Amino acid sequence: MARVYLSLGSNLEPHRYLRAALDELRTHFGAIAVSPAYRSRSVGFDGADFVNLAVGLDTELEPEALNDWLHALEDRHGRRRDVPRYSDRTLDVDVVLYGEQVIDGPGHLQIPRKELQHAFVLKPLADIAPQVRHPVSGRTMAELWAAFPQEREPLLAEPL
């Protein structure tokens, strides 16, 4: 059993799609830890604001199988794959950390996710897993967040 941390985001009907994703994650994996949600500007393209949060869960699925399951979850909730990769989306779910593994694999499977360098991934993760260490730098999520230039990427708390 591995402890896994996910990043979830949406900028198309985010409350609807994030709630639906959380329901499916609970149904499939049981108890999950859920961070507060935050609104932020889109990164990498000009689009509507995103709402993001983090989830911690335990799974017996291997990283590739989990990634496939998450892609199917996105697809069930209207994720389009026939548009540019950086564009508006109903649901985006990424494996950010999988135990202490470091992976660069197929299907955009990258662990730890490079998006940990952005507030919209780092802050929610620091909220639910402050003492978890980055498998490469060895720094905790709390340490990484404390060192983050928060004015660069402002976040607003977003009730779900």
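Cut-off values and rules
Residues numbered from 1 in each chain as written. Predicted model: local features only at pLDDT ≥ 70, side-chain atom pairs only at ≥ 80, totals over all residues. Heavy atoms only, no water. Phe/Tyr/Trp six-rings, centres within 6.5 Å; stacked < 30°, edge-to-face > 60°. Helix = DSSP H or I, 4+ residues; strand = E, 2+ residues; numbered from the N terminus. Buried < 20%, exposed > 50% of the residue type's maximum accessible area, 1.4 Å probe, protein only. Lys NZ or Arg CZ within 6 Å of the ring centre and 35° of its normal. Polar contact = N/O pair within 3.5 Å; in protein donor to acceptor, adjacent residues only side chain to side chain. Contact = heavy atoms within 4.5 Å. Pairing = 2+ DSSP bridges. Expected span 1.5 Å × (residues − 1). Arc of directions from axis to C-beta. Axes fitted to C-alpha atoms, helices over the stretch in contact; angles between N-to-C directions. Parallel < 35°, antiparallel > 145°, perpendicular 65-115°, else oblique. Left-handed = near helix turned anticlockwise from the far one by under 90°. Nonpolar A, V, L, I, M, F, W, Y, C, P; charged D, E, K, R; others polar.

Trainee: Report on the packing of aromatic side chains, specifying residues and quantitative values.
Mentor: Given two aromatic rings, one states the distance between the centres and the angle between the planes to describe the pair. Enumeration according to the criterion identifies two aromatic pairs in this entry. Ring centres of F29 and W69 lie 5.2 Å apart, and the angle between their planes is 80°; this geometry places the pair in the edge-to-face category. Of this pair, F29 sits in helix 1 (residues 14-29) while W69 is found in helix 2 (residues 63-76), placing the two residues 40 residues apart along the sequence. With respect to burial, F29 and W69 carry one shared label: buried. Where W145 meets F148, the ring centres are 5.3 Å apart and the plane angle is 15°; that geometry is what we call stacked. For the residue pair W145 and F148, the accessibility class agrees, reading buried in each case. Directly above the aromatic system of W69 lies the positively charged group of R76, at a separation of 5.5 Å from the ring centroid.

Trainee: An account of the side chain of S10 is needed here, citing residue identities and associated values.
Mentor: With respect to the helices, strands and loops of the structure, S10 is situated in strand 1 (residues 2-10). Engagement of the side chain of S10 in a polar contact is seen with the backbone oxygen of L12, the distance being 3.1 Å. The contact partners of S10, leaving out residues within four places of it in the chain, are Y17, L18, D49, F50, V51, R89, T90 and L91.

Trainee: Tell me what's going on with the pairing of strand 1, and back it up with residues and numbers.
Mentor: When you tally the buried positions in strand 1, you get eight out of nine residues, the bulk of the element. With nine bridges connecting them, strand 1 and strand 4 (residues 50-59) associate as antiparallel partners. Residue pairing in the sheet places L8 in a bridge with L53 of strand 4. Here strand 1 runs beside strand 5 (residues 92-98); their pairing, made up of six bridges, is antiparallel. Bridging from a neighbouring strand, V4 pairs with Y98 of strand 5.

Trainee: Describe in detail helix 3 (residues 119-128), supporting the description with residues and values.
Mentor: When you tally the buried positions in helix 3, you get eight out of ten residues, the bulk of the element. Burial in helix 3 covers these residues: A119, F120, V121, L122, K123, P124, L125 and A126. The secondary structure elements touched by the buried residues of helix 3 are strand 1, strand 3 (38-40), strand 4, strand 5 and helix 4 (141-146).

Trainee: Explain helix 2 to me, and be specific about the residues and the numbers.
Mentor: Its 14 residues place the ends of helix 2 20 Å apart at the C-alpha level, agreeing with the 20 Å of an ideal helix rising 1.5 Å per residue. Along helix 2, the residues that are buried comprise P63, L66, N67, W69, L70, L73 and E74. Buried positions in helix 2, seen along its axis, are confined to an arc of 160° and lie on one side of it. Residues of helix 2 that are buried make contact with strand 1, helix 1, strand 4, strand 5, strand 6 (103-104) and strand 7 (110-111). Once helix 2 ends, the next one or two residues include G78, with phi positive near 85°.

Trainee: Explain the packing of helix 1 against helix 2 to me, using residue names and the numbers behind them.
Mentor: In contact at an axis separation of 11 Å, helix 1 and helix 2 are set at 140° when each is read in the N-to-C sense. Between helix 1 and helix 2, the angle falls in the class oblique. For helix 1 against helix 2, the interelement crossing comes out right-handed. Every residue of helix 2 that contacts helix 1 at A21, E24, L25, H28 and F29 is listed here: L66, W69, L70, L73 and R76. Across the contact of helix 1 with helix 2, the residue classes tally to seven nonpolar, one polar and two charged.

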